[in-house]
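# Structural overview for review
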Amino acid sequence: MARTMTETVPLKLFNSLTRQLEPFQPVHPGEARVYSCGPTVYSYQHIGNMRAYVFADTLGRTLKFKGYALRHVINITDVGHLTSDADAGDDKMEKAAAQSGKTAWDIAAFFTAEFKRDLGWLKVTDPAKWTVATEYVPAMIDYAKSIADKHCYELDSGLYFDVTTVPDYGRLARAATDEGEGRIEQIEGKRHQADFAIWRKTPPGESRQMEWDSPWGRGAPGWHLECSVMSSAELGMPFDIHTGGIDHREIHHPNEIAQNQAHECSAHTGATIWMHNNFLKIRDGKMSKSEGGTVRMQHLVDAGFHPLAYRMVCLQAHYRSELEFSWEGLQAAFVRLKRLVMTVSGLRAQAEPADAPGARLAPYLERFEAALSDDLNTAVALTVLEEAAALKKTDSGEKLAALAAMDRALGLDLLTLRREELRIRPKAATIAEAEIEAILTQRKEARAAKDFATSDALRDELAAAGVEVMDGDPLGWDWKLGEG
Ligand code: AMP
Ligand code: ZN
């Protein structure tokens, strides 16, 4: 249950701007306004991307747990993001369209739907608003007009932002400009390496699937402009928290900040706290869509895992730590989730959740809240939840009430997930569950009658169908489907 703000420990969050923990002090008392950079929908999001949304969702859930009224906005970038975060390369959407023979609009619709399905699997709460970039283009043009005179200059290729016109450009990145220089392709006429496109003109004689008329010619908005415009339109300036993956700390967010400062005529960066999740990596480097061969939620599900096992993987680590993905790690997280679901379903068989957790559970809720209030220490919060679940001689209804409150913050769906939903069940499996259960019943009878020959034969029959019988499994799972 949400607790009142006065009686509890203050929420501290790591602000990438200051590289320090800071108490959360909302711009509007009692409210939390959060903007999260969303996907570029030219391709599937991989499980590394999903870490960014599990993080943003855990932040949102924590804010609600602390009693704040949350307004969360996530954008869908369906135009303007180039193949490099700096101004180099092609527009990712146009490139995907050219390669697939589909329209950029169809591609955006398809991958947006895929993305939202993955979020649903992971119990990521729908934001109050999805902002779709192409729906804000007129607002982007107005915004660009308002900063063009003082902060921008026009070249043949587009309208560029002059980063020396705002205070302290790049403070968020903390990178000496030369660190970024190597990555930025030189654009003819650019005054400074870090200057970036606000508007990109369609080159003469060419046309794009997604283009609009503007005072600087036909073309498309720059990717950084989109987030400044959509966040200010939906949350007002300044708002509370801006999130994204750590790669955005280097170019995308410094550029958003520069635009916010120019537009608001203020040194304020636009959001009070900038938060970044670290990367999920697969052994030989970070997961990038352009590298190919990346792992998606669908692959986890096809291998028989429940999607929430991946949410558990994320919660076990601190969002600011790099996280290495492995199938063994996923399996271990899955077992941990199963144990919790088993405990909760045991409790549910005895009682309904009570209205309040009661005095015995109160210290656990306090420790749980203290952990989350310490820059979202979900790893510790999880262990507190497990301790509470294991408490002996405690009223089941009160325990369920406490676990439900904790789970609302962590999003593991513990009160509704059923044990049957958590069986390992690879896509390739052909045998029906009813058939497995029938054979297992026969086998139990054979064992009861000490007919071990029949029992072993039935076991072999199941093994031939890919079913592994797990006698003595401490989780009491009885069987699982193997790889084939
Ligand atoms: P993109 O669609 O590339 O704009 O990425 C969507 C979100 O995922 C952004 O917040 C990125 O910073 C984040 N992201 C990209 N790759 C990873 C990764 N390997 N691990 C964690 N977050 C990532
Ligand atoms: Zn953004």
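Below is a summary of the structure that appears in this document. (Residues numbered from 1 in each chain as written. Chains lettered and ligands numbered in written order. Predicted model: local features only at pLDDT ≥ 70, side-chain atom pairs only at ≥ 80, totals over all residues. Heavy atoms only, no water.)

## Observations concerning the site of ligand 1
Lining the immediate environment of ligand 1, one finds 19 residues, of which Q45, G48, D247, F279 and L280 sit closest. At a separation of 2.9 Å, a nitrogen atom of ligand 1 approaches a polar backbone atom of L280. Within the complex, the protein chains bury 96% of what would otherwise be the 490 Å² of accessible surface of ligand 1. Mapped by element, the contributors of at least two residues to the shell around ligand 1 are α1 (47–65) and β10 (239–245). Among the elements that line the shell around ligand 1, the one with the most residues is α1, at 4 residues. A breakdown of the residues in the shell around ligand 1 according to their chemical character gives 6 nonpolar, 11 polar and 2 charged. (Near = heavy atom within 4 Å. Polar contact = N/O pair within 3.5 Å; in protein donor to acceptor, adjacent residues only side chain to side chain. Areas by Shrake-Rupley, 256 points an atom, 1.4 Å probe, with all protein chains shown as cover. Helix = DSSP H or I, 4+ residues; strand = E, 2+ residues; numbered from the N terminus. Nonpolar A, V, L, I, M, F, W, Y, C, P; charged D, E, K, R; others polar.)

## Notes on the sheet that holds strand β9 (residues 219–221)
Backbone hydrogen bonds are what pair the strands of a sheet, in a parallel or an antiparallel way. Here we have 4 strands laid out as an open sheet, ordered β6-β7-β8-β9, and antiparallel in their pairing. For this open sheet the edge positions go to β6 (152–155) and β9, each flanked by a neighbour on one side alone. Averaged over neighbouring strand pairs, the angle between their axes works out to 25° when direction is ignored. As defined by bridge partners, β6 adjoins strand β7 (residues 158–161) across 4 bridges and the pair is classed as antiparallel. Each bridged residue has a counterpart across the sheet, and for E154 the counterpart in β7 is L159. Across the sheet, helix α7 (residues 252–264) lies against β7 and β8 (196–201), angled at about 85° from β8, the strand it touches most. (Pairing = 2+ DSSP bridges. Axes fitted to C-alpha atoms, helices over the stretch in contact; angles between N-to-C directions. Contact = heavy atoms within 4.5 Å.)

## Things to note about the side chain of E211
Position of E211 relative to the elements: it lies in the loop between β8 and β9. Side chain to side chain, E211 and T202 meet in a polar contact 2.7 Å long. With sequence-adjacent residues up to four places away left out, E211 is seen in contact with T202, R218 and G219.

## Regarding the sheet that holds strand β5 (residues 129–132)
With respect to topology, 5 strands assemble into an open sheet ordered β5-β4-β3-β10-β11, the strand pairing being parallel. If you trace the sheet from one side to the other, it starts and ends with β5 and β11 (271–277), each paired once. In this sheet, neighbouring strand axes are inclined to one another by 20° on average, regardless of whether the strands run parallel or antiparallel. One ladder, built from 6 bridges, connects strand β3 (residues 31–36) with strand β4 (residues 69–76); its direction is parallel.

## A word on empty space enclosed by the protein
Counted under the stated rule, the structure contains 3 cavities of 30 Å³ or more. Considered as a void within the structure, the largest cavity measures approximately 100 Å³ in volume. Lining the largest cavity, in full, are R51, V54, F55, T58, C314, L315, A317, Y319, L376 and T378. Listed by contribution, the elements that provide at least two residues to the lining of the largest cavity are α1 and α9 (307–316). Among the elements that make up the lining of the largest cavity, the one with the highest residue count is α1 (4 residues). Residues that form the lining of the largest cavity fall into these classes: 7 nonpolar, 2 polar and 1 charged. Two domains each put at least three residues into the lining of the largest cavity: domain 1 (12–277) and domain 2 (297–421). (1 Å grid on protein atoms, 1.4 Å probe; cavity = no way out; pocket = protein on both sides within 12 Å on 5 of 7 lines; lining within 4 Å. Points joined across faces, edges and corners; volume = space filled by probe spheres on them. Domains from an automatic or database assignment.)

These results come straight from atomic positions and should not be treated as a statement about function.
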